[in-house]
Amino acid sequence: MRTIYNGILDILFPGICACCCSPLAEGTHQICGYCIKNKFELTDKYLGIRDDDILPEYIAFRTSMWEFDQSGPIQQLMHKLKYEQVYGLGIDFGKELGKLLRTLLGMQGWLFCYQPFLIPVPLNTLRRRERGFNQSRAICEGIEQVTGWSTVPQRAFTRIKKTKTQTGLSSAERKNNLRGAFKANNLNILPYELPVIVDDVYTTGATTMELASTVKHIGAERIGIATVAEA
Ligand SMILES: [Zn+2]
(Lines give C-alpha, C1' and ligand atoms only; values in the text may rest on other atoms or scores of the structure.)
Protein backbone atom coordinates (compact mmCIF):
# COMPACT_ATOMS: atom_id res chain seq x y z
CA MET A 1 0.00 0.00 0.00
CA ARG A 2 2.79 2.32 0.97
CA THR A 3 4.59 1.53 -2.30
CA ILE A 4 1.49 2.34 -4.36
CA TYR A 5 1.05 5.56 -2.41
CA ASN A 6 4.71 6.48 -2.98
CA GLY A 7 4.33 5.59 -6.67
CA ILE A 8 1.41 8.00 -7.01
CA LEU A 9 3.37 10.68 -5.16
CA ASP A 10 6.28 10.18 -7.59
CA ILE A 11 3.97 10.80 -10.57
CA LEU A 12 2.36 13.85 -9.01
CA PHE A 13 5.55 15.29 -7.55
CA PRO A 14 8.58 13.79 -9.30
CA GLY A 15 11.77 14.16 -7.25
CA ILE A 16 14.46 16.50 -8.43
CA CYS A 17 18.19 15.91 -8.62
CA ALA A 18 19.95 17.22 -5.50
CA CYS A 19 22.79 18.39 -7.72
CA CYS A 20 21.21 20.01 -10.83
CA CYS A 21 17.49 20.20 -9.91
CA SER A 22 16.30 18.41 -13.06
CA PRO A 23 13.43 15.90 -12.58
CA LEU A 24 14.56 12.40 -11.64
CA ALA A 25 13.65 9.31 -13.63
CA GLU A 26 11.81 6.60 -11.72
CA GLY A 27 13.97 4.31 -9.62
CA THR A 28 16.77 6.78 -9.04
CA HIS A 29 17.35 8.27 -5.63
CA GLN A 30 18.67 11.79 -5.26
CA ILE A 31 21.23 12.44 -7.98
CA CYS A 32 20.47 12.13 -11.70
CA GLY A 33 22.48 9.86 -13.99
CA TYR A 34 23.93 12.84 -15.85
CA CYS A 35 25.38 14.40 -12.70
CA ILE A 36 26.76 11.07 -11.45
CA LYS A 37 28.63 10.64 -14.75
CA ASN A 38 29.71 14.22 -15.43
CA LYS A 39 29.79 16.46 -12.39
CA PHE A 40 32.48 14.84 -10.29
CA GLU A 41 36.15 14.35 -10.96
CA LEU A 42 37.75 10.96 -10.29
CA THR A 43 40.80 11.08 -8.03
CA ASP A 44 44.14 9.64 -9.10
CA LYS A 45 43.67 7.10 -6.31
CA TYR A 46 40.38 5.67 -7.43
CA LEU A 47 41.98 2.43 -8.51
CA GLY A 48 43.44 1.94 -5.08
CA ILE A 49 47.11 2.37 -5.87
CA ARG A 50 49.03 2.03 -2.60
CA ASP A 51 51.19 4.93 -1.53
CA ASP A 52 53.55 2.60 0.27
CA ASP A 53 55.62 4.99 2.33
CA ILE A 54 52.52 6.26 4.12
CA LEU A 55 50.27 3.22 4.54
CA PRO A 56 50.93 0.40 6.99
CA GLU A 57 51.54 -3.06 5.52
CA TYR A 58 48.12 -4.38 6.57
CA ILE A 59 46.22 -1.88 4.44
CA ALA A 60 45.32 -3.99 1.39
CA PHE A 61 44.09 -1.06 -0.67
CA ARG A 62 42.80 2.44 -0.25
CA THR A 63 40.50 4.11 -2.70
CA SER A 64 38.83 7.52 -2.86
CA MET A 65 36.39 7.99 -5.69
CA TRP A 66 35.96 11.72 -6.31
CA GLU A 67 37.99 14.87 -5.67
CA PHE A 68 36.46 16.91 -2.85
CA ASP A 69 35.79 20.26 -4.48
CA GLN A 70 35.76 23.11 -1.97
CA SER A 71 32.33 24.81 -2.36
CA GLY A 72 31.63 22.73 -5.50
CA PRO A 73 28.89 20.11 -6.00
CA ILE A 74 30.50 17.40 -3.84
CA GLN A 75 30.84 19.67 -0.83
CA GLN A 76 27.24 20.85 -1.17
CA LEU A 77 25.95 17.29 -1.52
CA MET A 78 28.00 16.09 1.46
CA HIS A 79 26.50 18.93 3.46
CA LYS A 80 22.99 17.88 2.42
CA LEU A 81 23.76 14.28 3.34
CA LYS A 82 25.11 15.13 6.79
CA TYR A 83 23.11 18.12 7.96
CA GLU A 84 19.89 17.99 5.95
CA GLN A 85 19.76 14.23 6.44
CA VAL A 86 19.16 13.26 2.85
CA TYR A 87 19.76 9.55 3.42
CA GLY A 88 19.16 8.66 -0.27
CA LEU A 89 22.21 10.70 -1.24
CA GLY A 90 24.37 8.37 0.84
CA ILE A 91 22.84 5.41 -0.96
CA ASP A 92 23.53 6.98 -4.37
CA PHE A 93 27.14 7.67 -3.39
CA GLY A 94 27.42 4.13 -2.06
CA LYS A 95 26.14 2.57 -5.28
CA GLU A 96 28.83 4.35 -7.29
CA LEU A 97 31.50 3.46 -4.75
CA GLY A 98 30.23 -0.14 -4.77
CA LYS A 99 30.69 -0.42 -8.54
CA LEU A 100 34.20 0.97 -8.21
CA LEU A 101 35.05 -1.43 -5.37
CA ARG A 102 33.76 -4.43 -7.30
CA THR A 103 36.00 -3.54 -10.25
CA LEU A 104 38.99 -2.71 -8.08
CA LEU A 105 38.84 -5.82 -5.90
CA GLY A 106 38.23 -7.98 -8.97
CA MET A 107 41.22 -6.48 -10.79
CA GLN A 108 43.53 -6.85 -7.81
CA GLY A 109 42.44 -10.44 -7.27
CA TRP A 110 41.02 -9.99 -3.75
CA LEU A 111 37.69 -11.54 -4.66
CA PHE A 112 39.30 -14.91 -5.43
CA CYS A 113 40.33 -15.56 -1.84
CA TYR A 114 38.51 -13.05 0.32
CA GLN A 115 34.94 -12.19 1.24
CA PRO A 116 34.66 -8.44 1.75
CA PHE A 117 32.40 -6.91 4.40
CA LEU A 118 31.78 -3.26 5.24
CA ILE A 119 32.59 -1.23 8.36
CA PRO A 120 31.11 2.29 8.41
CA VAL A 121 33.17 4.72 10.51
CA PRO A 122 31.04 5.09 13.67
CA LEU A 123 29.92 8.44 15.03
CA ASN A 124 29.66 8.89 18.75
CA THR A 125 26.15 8.29 20.07
CA LEU A 126 25.47 11.93 20.77
CA ARG A 127 26.38 13.04 17.28
CA ARG A 128 24.35 10.21 15.75
CA ARG A 129 21.32 11.26 17.81
CA GLU A 130 21.75 14.88 16.77
CA ARG A 131 22.09 13.95 13.12
CA GLY A 132 19.57 11.12 13.13
CA PHE A 133 21.84 8.72 11.29
CA ASN A 134 25.39 7.89 10.39
CA GLN A 135 26.16 9.02 6.83
CA SER A 136 28.82 6.30 6.42
CA ARG A 137 26.18 3.65 7.11
CA ALA A 138 23.97 5.13 4.35
CA ILE A 139 26.95 4.84 1.97
CA CYS A 140 27.42 1.19 3.04
CA GLU A 141 23.77 0.52 2.22
CA GLY A 142 24.37 1.70 -1.35
CA ILE A 143 27.51 -0.47 -1.65
CA GLU A 144 25.50 -3.46 -0.38
CA GLN A 145 22.89 -2.91 -3.08
CA VAL A 146 25.38 -3.36 -5.91
CA THR A 147 27.83 -5.87 -4.39
CA GLY A 148 25.75 -7.99 -2.01
CA TRP A 149 28.45 -7.60 0.68
CA SER A 150 27.17 -7.17 4.21
CA THR A 151 27.68 -4.36 6.71
CA VAL A 152 28.56 -4.95 10.38
CA PRO A 153 25.73 -4.23 12.86
CA GLN A 154 25.58 -0.77 14.40
CA ARG A 155 26.98 -1.92 17.75
CA ALA A 156 29.96 -3.82 16.29
CA PHE A 157 32.16 -0.74 16.66
CA THR A 158 31.59 2.16 18.99
CA ARG A 159 33.28 5.48 19.36
CA ILE A 160 34.28 5.54 23.00
CA LYS A 161 36.34 8.67 23.15
CA LYS A 162 34.93 12.12 22.79
CA THR A 163 37.36 13.76 20.43
CA LYS A 164 38.01 17.45 20.08
CA THR A 165 37.39 18.91 16.65
CA GLN A 166 40.14 17.96 14.23
CA THR A 167 40.13 21.34 12.53
CA GLY A 168 43.39 23.20 12.86
CA LEU A 169 45.33 20.24 14.26
CA SER A 170 48.53 18.96 12.69
CA SER A 171 48.67 15.40 11.42
CA ALA A 172 50.50 14.19 14.57
CA GLU A 173 48.02 16.01 16.83
CA ARG A 174 45.08 14.44 14.98
CA LYS A 175 46.60 11.01 15.46
CA ASN A 176 47.03 11.64 19.19
CA ASN A 177 43.56 13.11 19.52
CA LEU A 178 42.04 9.94 18.06
CA ARG A 179 44.15 7.28 19.79
CA GLY A 180 41.87 4.75 21.48
CA ALA A 181 38.76 6.37 19.98
CA PHE A 182 37.13 3.13 18.81
CA LYS A 183 36.15 -0.12 20.48
CA ALA A 184 35.17 -3.42 18.83
CA ASN A 185 32.30 -5.33 20.45
CA ASN A 186 32.06 -9.11 20.01
CA LEU A 187 33.20 -9.22 16.44
CA ASN A 188 35.27 -12.08 15.07
CA ILE A 189 37.08 -11.73 11.79
CA LEU A 190 37.66 -14.97 9.92
CA PRO A 191 40.86 -15.53 7.92
CA TYR A 192 39.08 -15.31 4.54
CA GLU A 193 37.23 -12.10 5.40
CA LEU A 194 38.33 -8.70 4.14
CA PRO A 195 37.01 -5.78 6.19
CA VAL A 196 36.53 -2.59 4.17
CA ILE A 197 36.29 0.64 6.18
CA VAL A 198 33.87 3.10 4.58
CA ASP A 199 33.66 6.86 5.11
CA ASP A 200 32.40 9.94 3.28
CA VAL A 201 35.56 12.06 2.97
CA TYR A 202 39.23 11.16 3.41
CA THR A 203 41.16 14.14 4.72
CA THR A 204 44.31 13.24 6.62
CA GLY A 205 43.27 9.65 7.16
CA ALA A 206 43.69 9.95 10.95
CA THR A 207 40.16 8.65 11.68
CA THR A 208 40.18 5.76 9.21
CA MET A 209 43.70 4.70 10.24
CA GLU A 210 42.75 4.68 13.93
CA LEU A 211 39.72 2.51 13.13
CA ALA A 212 41.90 0.28 10.93
CA SER A 213 44.28 -0.33 13.84
CA THR A 214 41.28 -1.33 16.02
CA VAL A 215 40.12 -3.74 13.30
CA LYS A 216 43.63 -5.18 13.06
CA HIS A 217 43.71 -5.82 16.81
CA ILE A 218 40.68 -8.09 16.56
CA GLY A 219 42.37 -10.29 14.01
CA ALA A 220 42.14 -8.78 10.52
CA GLU A 221 45.25 -9.44 8.45
CA ARG A 222 44.26 -7.25 5.54
CA ILE A 223 42.01 -4.18 5.61
CA GLY A 224 40.66 -2.02 2.79
CA ILE A 225 39.67 1.66 2.98
CA ALA A 226 37.10 3.22 0.67
CA THR A 227 35.80 6.78 0.72
CA VAL A 228 33.48 8.68 -1.59
CA ALA A 229 35.70 11.76 -1.76
CA GLU A 230 39.24 12.88 -1.00
CA ALA A 231 40.06 16.36 0.25
ZN1 LIG B 1 21.51 16.13 -11.79
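Right, let's walk through the structure included here.

With respect to the overall build of the protein chain
Line of reasoning, step 1. Counting secondary structure elements, the protein chain contains 9 helices and 6 strands.
Line of reasoning, step 2. In terms of C-alpha radius of gyration, the protein chain reaches 18 Å, essentially the compact-globule figure of 17 Å for 231 residues.
Line of reasoning, step 3. Each principal axis of the C-alpha distribution contributes one length, and for the protein chain these read about 50 × 40 × 35 Å.
Line of reasoning, step 4. Every one of the 231 residues in the protein chain was classed for burial, and the buried ones make up 36%.
Line of reasoning, step 5. Here the analysis covers contacts within the protein chain between residues at least 6 apart in sequence; of these, 71% occur between residues at least 24 apart.

Structural notes on unusual backbone geometry
Line of reasoning, step 1. For glutamine 85, which is not a glycine, the phi torsion comes out positive at approximately 55°.
Line of reasoning, step 2. Inspection of the secondary structure puts glutamine 85 in the loop between helix 3 (73–83) and helix 4 (87–107).
Line of reasoning, step 3. In the Ramachandran plot, asparagine 186 falls in the positive-phi region, its phi being about 50° despite a non-glycine side chain.
Line of reasoning, step 4. By the element assignment, asparagine 186 lies in the loop between strand 4 (182–184) and strand 5 (193–202).

Structural notes on the nonpolar core
Line of reasoning, step 1. Counting residues in each nonpolar core, the largest one holds 49 residues, and the members touching the most others are Leu97, Ile139, Ile197, Val198 and Ala212.
Line of reasoning, step 2. Residue assignment for this core shows that the elements contributing at least two residues are strand 1 (59–67), helix 3, helix 4, strand 2 (115–120), helix 7 (135–147), strand 5, helix 9 (206–217) and strand 6 (223–230).
Line of reasoning, step 3. Apart from residues lying up to four places away in sequence, valine 198 is in contact with Leu118, Ile119, Pro120, Ser136, Ile139, Cys140, Ile143 and Ala226.

What to know about the sheet that holds strand 1
Line of reasoning, step 1. An order of 1-6-5-2 is seen for the 4 strands of this open sheet, with the pairing classed as parallel. Each end of this open sheet is capped by a strand with a single partner; those strands are strand 1 and strand 2. Between one strand axis and the next, the sheet turns through 25° on average, direction left out of account.
Line of reasoning, step 2. In this sheet, strand 6 lies alongside strand 1 in parallel orientation, the contact comprising 7 bridges. Within strand 6, the residue paired with threonine 63 across the bridge is alanine 226.

Procedures and definitions
- Residues numbered from 1 in each chain as written.
- Predicted model: local features only at pLDDT ≥ 70, side-chain atom pairs only at ≥ 80, totals over all residues.
- Helix = DSSP H or I, 4+ residues; strand = E, 2+ residues; numbered from the N terminus.
- Rg over C-alpha atoms; globule rule 2.2 N^0.38 Å.
- Buried ≥ 20, exposed ≤ 12 C-beta atoms within 10 Å, placed from the backbone.
- Contact = placed C-beta atoms within 7 Å.
- Core = buried A, V, L, I, M, F, W, Y, C linked by C-beta atoms within 7 Å.
- Pairing = 2+ DSSP bridges.
- Axes fitted to C-alpha atoms, helices over the stretch in contact; angles between N-to-C directions.

Scope: geometric values only; no functional claims are made or implied.
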